[in-house]
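# An overview of the molecular structure
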Amino acid sequence: MTEEKHCNHQFVVPRRGLPNTSVRLAGKEPMTVAFLGGSITEGAGASDADTFSWRALTDKYLQERFANHEFRFINAGVGGTNSTLGAHRLQSHVLEYGKIDLLFVEFSVNDGNDREESIRGLEGIVRQCRRLSPGTDICFLYTAAEKNLSGSNPFNIAVHEEVAEHYDLPSVNFAARVYAQTQAGQMEWTELARMDITPMMTDMRCMLLFYRNIWMQLLFLITHIQIPEAR
């Protein structure tokens, strides 16, 4: 994969969707969701990492939306790590825990300006996962940082989208949504950032505004199996 491609700036790009996740949620077997990323995934900046980080909010949403389903969550977020280190950590921090049904990958903030390194790191994650855990759905997620907030695809997100497009992986662009809300005057970036380094997200209130809608798009609109309502 060498040809450089740029994708449209969208909040959710469904591509192949999350077919294995849909099948799992339609059944009764327990489901394991893993989060591989940097400090934002780990929970840095949130007043309570296990309550208000985007990872914790995902945990909470799944448990509430599918109340009769058993979930196991793996936090493989490590501050200061990029996709290259993520590829090296994947087996020991994620795959060693057994079958993984859904893997979120979040490195657009920590990856640098070397396009080839980012592609190698991301492809290392995707190819390892597909070889060692072929039943795992993978979803890229782009969080907000000043470098990721613009009207066109920022560099790091554009590079990640190249890989997502090549491997037909869905992606969720929180940064694009945050940018749209700042442009609409619904929030100020200075209120969300701490020292211009790690997005504090003020307990991720901005994510809560559209989180459920994004999950409904991912799990309902772009999959081929209708998931039953929780009883």
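Note that the structure is predicted; figures quoted are calculated from it, not measured.

Next up on the list: helix H1 (residues 19-26). Among all positions of H1, only Thr21, Ser22, Arg24 and Leu25 are buried. Each buried residue of H1 lies within a common arc of 165° when the element is viewed along its axis, so the set occupies one face.

This paragraph deals with the nonpolar core. Leu36, Leu90, Val94, Leu103, Val105, Ile125 and Phe140 are the most contacted members of the largest nonpolar core, which totals 30 residues. Among the secondary structure elements, those contributing two or more residues to this core are strand S2 (31-37), strand S3 (71-77), helix H5 (83-93), strand S4 (102-106), helix H6 (115-132), strand S5 (137-142), helix H7 (155-166) and helix H8 (174-183). Not counting residues up to four positions away in its chain, the partners in contact with Val105 are Leu36, Leu122, Ile125, Ile138, Cys139, Phe140 and Leu141.

Side chains of residues three or four places apart in an α-helix project in the same direction, reflecting 3.6 residues per turn. A rise of 1.5 Å per residue sets the reference length of H6, with its 18 residues, at 26 Å; its end C-alpha atoms lie 26 Å apart and thus fit the reference within 8%. Buried within H6 are the following residues: Arg115, Ser118, Ile119, Gly121, Leu122, Glu123, Ile125, Val126, Gln128 and Cys129. Of the surrounding secondary structure, the elements contacted by the buried residues of H6 are S2, H5, S4, S5 and H7. Its side-chain oxygen 3.1 Å from the backbone nitrogen of Glu116, Asp114 forms the N-cap of H6.

Take Arg15: it is sitting in the loop between strand S1 (12-13) and H1. Residue classification places Arg15 among the buried residues on the basis of a relative accessible area of 18%. Of the polar contacts made by the side chain of Arg15, one reaches the side chain of Glu165; its length is 2.9 Å.

We now examine the confidence of the model for the chain. Overall, the predicted model of the chain reaches an average pLDDT of 80, with 73% of residues at or above 70. Low confidence marks residues 2-9, where pLDDT is under 50. Its contacts with residues over four positions away, or in another chain, come to 21 contacts.

Among the structural elements, Asp101 can be located in the loop between H5 and S4. The class of Asp101 is buried, set by a relative accessible area of 5%. Within the local environment of Asp101, its side chain forms a polar contact with the backbone nitrogen of Thr32, the two atoms lying 2.7 Å apart. The residues contacting Asp101, other than those within four sequence positions of it, are Thr21, Arg24, Pro30, Met31, Thr32, Gly135, Thr136 and Asp137.

All right, on to the packing of H5 against H6 then. Between H5 and H6, whose axes approach to 7 Å, the crossing angle comes to 20°. Here H5 lies roughly parallel to H6, going by the angle between them. Relative to H6, H5 is oriented so that their crossing is left-handed. Here H5 contributes Ser83, Thr84, Gly86, Ala87, Leu90 and Gln91 to the contact with H6, which in turn contributes Glu117, Ser118, Gly121, Leu122, Gly124, Ile125, Gln128, Cys129 and Leu132. By residue class, the composition of the contact of H5 with H6 is six nonpolar, eight polar and one charged.

The next thing to look at is unusual backbone geometry. The backbone of Arg15 shows a phi angle near 45°, a positive value even though the residue is not glycine. The phi angle at Asp168 is positive, at roughly 60°, despite the residue not being glycine. With respect to the secondary-structure elements, Asp168 resides in the loop between H7 and strand S6 (171-173).

Cut-offs and rules
- Residues numbered from 1 in each chain as written.
- Predicted model: local features only at pLDDT ≥ 70, side-chain atom pairs only at ≥ 80, totals over all residues.
- Heavy atoms only, no water.
- Buried < 20%, exposed > 50% of the residue type's maximum accessible area, 1.4 Å probe, protein only.
- Helix = DSSP H or I, 4+ residues; strand = E, 2+ residues; numbered from the N terminus.
- Arc of directions from axis to C-beta.
- Core = buried A, V, L, I, M, F, W, Y, C linked by side-chain atoms within 4.5 Å.
- Contact = heavy atoms within 4.5 Å.
- Expected span 1.5 Å × (residues − 1).
- Polar contact = N/O pair within 3.5 Å; in protein donor to acceptor, adjacent residues only side chain to side chain.
- pLDDT = per-residue confidence, 0-100.
- Axes fitted to C-alpha atoms, helices over the stretch in contact; angles between N-to-C directions.
- Parallel < 35°, antiparallel > 145°, perpendicular 65-115°, else oblique.
- Left-handed = near helix turned anticlockwise from the far one by under 90°.
- Nonpolar A, V, L, I, M, F, W, Y, C, P; charged D, E, K, R; others polar.

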